[in-house]
Amino acid sequence: MPDSVMRESVLRESETHTLVIGGGVIGCAIAYECAKQGLAVTLLDKGTIGSEASQAAAGMLGAQVESHHDGPFYELCKASRDLYRTWTDELEQISGCSIDYIANGIVRVALTETDEVELKGRLPWFGDGVKWQTREQLLTLEPTLGEEVRGGIYFADDHQVHAPKLSEALHAALRTLGVRMIEHADIEQWLLDEQQSHVRGVQLADETIMSTQTVIAAGAWSQSLLEPFDLHLPIQPVKGQCYAVRPQKPVIGHTVFTKGCYVVPKLDGSLVIGATEERSGFDKSINPDAVDTIQQTVIKLLPELARATFERTWTGLRPASADGMPFLGKAPRWDNLFVAAGHYRNGILLTPITAKLMSALLLGQPTTIDLKPFAVDRLL
Ligand code: FAD
Ligand code: GLY
């Protein structure tokens with residue numbers, strides 16, 4: 001029997017309504033929302049579910065602390081933060097997993113005069129009663145702040161979750177909802193119509209999957225995945241290295257954040273500290289010096305952490321779009337191809353709103369937020 005015939009005879013063929021490529025929090029959450037609404041969903045990951053950027057994240061829901069100016073991105077972040085508690089309550093129920101939501105805010109401190117001036121410049125557009133706090137006022141919130149802390153802002157509504165647990169919960173919920181998940185999936189070929197405007201499905205090594213619609217949600221890898229569709233989406237990997245320490249007794253009750261460094265207290269008593277920003281391609285290697293570099297700022301922030309026990313360090317690749325905002329929407333020129341990628345430093349925060357908006361698009365419903373600022377072709 002010729003090779004091609006042999007191959008066809010062993011190839012399985014299946015059908016799905018919505019095919020999601022990428023099993024990070026973004027792909028999983030889109031699959032979750034679509035499955036809840038009755039769509040037949042198949043999700044593919046080239047590795048294992050939740051094992052890339054989504055497992056590396058510190059879990060801050062930093063709508064205010066991580067926004068540097070007013071505009072649609074800030075509004076999107078706040079909308080997701082507003083959804084978080086209710087959205088994850090339901091996720092916890094469906095999955096039976098806790099995601100360790102902690103409703104303590106983030107103390108954003110200035111260690112230098114320049115940072116203080118820059119931070120004070122943001123106050124007018126924060127609104128919502130967000131005020132500058134003197135050093136003395138901040139000490140009432142976090143008494144162990146270092147002597148160099150000049151003052152800062154307390155973002156009471158910027159809460160946090162445990163990012164790896166969020167991925168686990170999504171994974172478990174997808175199982176409960178009957179979503180087909182294929183790990184270690186190697187896409188060999190896209191099946192496209194002759195007009196190059198419609199995606200018919202995808203061919204894996206041992207299976208052809210025909211789909212009604214497809215979503216690319218592959219984080220930092222989305223650019224290369226979109227090349228076959230003649231889309232050159234500006235998304236680059238930006239490596240972030242974090243580490244965890246364990247103090248002898250609790251040192252902080254809130255996340256403490258400054259320029260280039262944050263310390264996030266977790267429920268188990270450990271502190272997640274991050275993070276570097278390195279543009280070094282898809283290299284995920286750990287740099288042993290990175291911990292020392294970050295630790296120098298940590299000690300200025302919270303001197304007591306000099307004595308904390310080091311536990312482990314890890315990296316992840318943030319999917320950074322050229323303008324820092326995610327791409328959310330339909331791919332230009334394709335009638336059934338969608339993109340949700342480029343969430344950069346805020347993918348954990350933006351998970352619920354991305355899932356809600358994308359599932360609305362996929363179900364042909366109106367979206368609650370205008371997606372024009374996040375259009376897939378805005379930078380092409
Ligand atoms: P990923 O989690 O990277 O998932 C992409 C998935 O696509 C992967 O599972 C990958 O295997 C799969 N894939 C790739 N190529 C293919 C292919 N060809 N076929 C099939 N599957 C494929 N965000 C916050 O909101 N708060 C934080 O505190 C925070 N802290 C962070 C700290 C660090 C150190 C880092 C690195 C990131 C942090 N982030 C944070 C950002 C957040 O982690 C990301 O924005 C988010 O995880 C992106 O999710 P994603 O699903 O798009 O990407
Ligand atoms: N949002 C924190 C980080 O990306 O490091």
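So, a few notes on the structure that sits alongside this text. Not measured: the values here are computed from a predicted model. (Residues numbered from 1 in each chain as written. Chains lettered and ligands numbered in written order. Predicted model: local features only at pLDDT ≥ 70, side-chain atom pairs only at ≥ 80, totals over all residues. Heavy atoms only, no water.)

### Considering the overall build of the protein chain
Rule in force here: A run of H or I in DSSP becomes a helix once it reaches four residues, and a run of E becomes a strand once it reaches two; helices and strands are each numbered from the N terminus. Put simply, the radius of gyration uses C-alpha atoms, and a globule should come to 2.2 Å times the residue count raised to 0.38. Residue burial is assigned from relative accessible area. The probe radius is 1.4 Å, only protein chains are included, and a residue is buried under 20% of its type maximum, exposed over 50%, and partly exposed in between. We call two residues contacting when some pair of their heavy atoms lies within 4.5 Å. Areas reported as accessible are Shrake-Rupley estimates using a 1.4 Å probe. Residue values count occlusion only from the protein chains shown. Charge assignment: positive for Lys and Arg, negative for Asp and Glu; neither His nor the chain ends contribute. For the purpose of locating charges, the reference atoms are NZ of Lys, CZ of Arg, CG of Asp and CD of Glu.
Secondary structure summary: the protein chain contains 10 helices and 16 strands in total. Its C-alpha radius of gyration of 22 Å places the protein chain within 12% of the 21 Å reference for a compact globule of 380 residues. Principal-axis analysis of the C-alpha atoms places the extent of the protein chain at approximately 75 × 40 × 40 Å. By the burial criterion, 56% of the 380 residues in the protein chain qualify as buried. The contacts in the protein chain between residues at least 6 apart in sequence include a share of 74% that link residues at least 24 apart. As displayed, the protein chain offers around 16100 Å² of accessible surface, 51% of which is attributable to carbon and sulfur atoms. For the protein chain, the separation between the mean place of its 34 positive charges and that of its 48 negative charges on side chains is 4 Å.

### Notes on the site of ligand 1
Our working definition: Consider each residue's heavy atoms; a residue with any of them within 4 Å of a molecule or strand counts as near. Here a polar contact means two N or O atoms within 3.5 Å. Within protein one must be a hydrogen donor candidate and the other an acceptor candidate, and residues neighboring in sequence count only if both atoms are side-chain atoms. Residues were grouped as follows: Ala, Val, Leu, Ile, Met, Phe, Trp, Tyr, Cys and Pro as nonpolar; Asp, Glu, Lys and Arg as charged; and all remaining residues, including Gly, as polar.
Ligand 1 sits among 34 residues. The nearest are Asp-45, Ser-54, Met-60, Tyr-344 and Leu-349. Here an oxygen atom of ligand 1 sits 3.1 Å away from a polar atom, N or O, in the main chain of Gly-59. At 3.0 Å, a backbone N or O of Ile-348 approaches an oxygen atom of ligand 1. Relative to its free-state accessible area of 1000 Å², ligand 1 is covered by the protein chains to the extent of 97%. Going through the elements one at a time, helix H2 (25-36), helix H3 (53-56), strand S10 (235-246) and strand S14 (309-321) are the ones with two or more residues in the shell around ligand 1. Looking at side-chain class alone, the shell around ligand 1 contains 18 nonpolar, 11 polar and 5 charged residues.

### Points about the pairing of strand S11 (residues 255-258)
To keep things clear, this is the line we draw: Pairing between two strands is assigned when DSSP locates at least 2 bridges connecting them.
Residues of S11 alternate between two faces, with Thr-255 and Phe-257 on one and Val-256 and Thr-258 on the opposite face, all of them buried. As judged from the 3 bridges shared by S11 and strand S12 (residues 261-265), these two strands associate in the antiparallel manner. By the bridge assignment, Thr-258 is partnered in S12 with Cys-261.

### Thoughts on the site of ligand 2
Neighbouring ligand 2 are Met-60, Glu-66, Tyr-262, Ala-275, Arg-318 and Arg-345. Take Tyr-262: an N or O atom from its side chain is 2.6 Å from an oxygen atom of ligand 2.

### Brief notes about the nonpolar core
Operational definition: As used in this record, nonpolar core signifies buried Ala, Val, Leu, Ile, Met, Phe, Trp, Tyr and Cys residues forming a set joined through side-chain atoms within 4.5 Å.
Judged by nonpolar contacts, the single largest core of 48 residues is most densely connected at Leu-166 and Leu-170. When contributions to this core are tallied by element, the ones reaching two or more residues are H2, strand S2 (41-44), helix H4 (72-95), helix H7 (163-176), strand S16 (337-341) and helix H10 (351-362). Here the element with the most residues in this core is H2; it accounts for 9 residues. The residues contacting Leu-166, other than those within four sequence positions of it, are Val-25, Tyr-84, Trp-87, Leu-91, Ile-99, Ile-348 and Thr-351. By size, the runner-up hydrophobic cluster in this structure holds 28 residues, among which are Ile-209, Ala-218, Ile-235 and Val-376.

### Some details on the packing of aromatic side chains
Quick note on the threshold: Pairing of aromatic side chains requires ring centres within 6.5 Å, counting the rings of Phe and Tyr and the six-membered ring of Trp. Pairs whose planes differ by under 30 degrees are stacked, by over 60 edge-to-face, and all others tilted.
According to the stated counting rule, one finds 11 aromatic pairs in the structure shown. Considering the side-chain rings of Trp-125 and Phe-126, the 4.4 Å spacing of their centres and the 45° angle between planes classify their relative orientation as tilted. Among the residues examined, Trp-125 registers a relative accessible area of 17% and is labelled buried. Look at Phe-126 and you get buried, because its relative accessible area is 1%. Ring geometry for Trp-190 against Phe-229: centres 5.0 Å apart, planes inclined by 65°, an arrangement best described as edge-to-face. Remark: Phe-229 occurs in the loop between helix H8 (222-226) and S10 and Trp-190 occurs in strand S7 (residues 189-192); sequence separation between them is 39 residues. For Trp-190, a relative accessible area of 10% translates into the label buried.

### Thoughts on the sheet that holds S10
Which entries qualify depends on this criterion: Throughout, an axis means a line fitted to C-alpha atoms (over the contacting stretch in the case of helices), and angles, computed between N-to-C directions, take values from 0 to 180 degrees.
Taken in spatial order, the 8 strands make up an open sheet running S4-S5-S3-S11-S12-S13-S10-S14, and their pairing is mixed. Two strands close off the open sheet at either side, each with one partner strand: strand S4 (132-134) and S14. On average, adjacent strands in this sheet sit at an angle of 25° to one another, irrespective of strand direction. Two elements, S10 and S14, share 12 bridges in a ladder whose sense is antiparallel.

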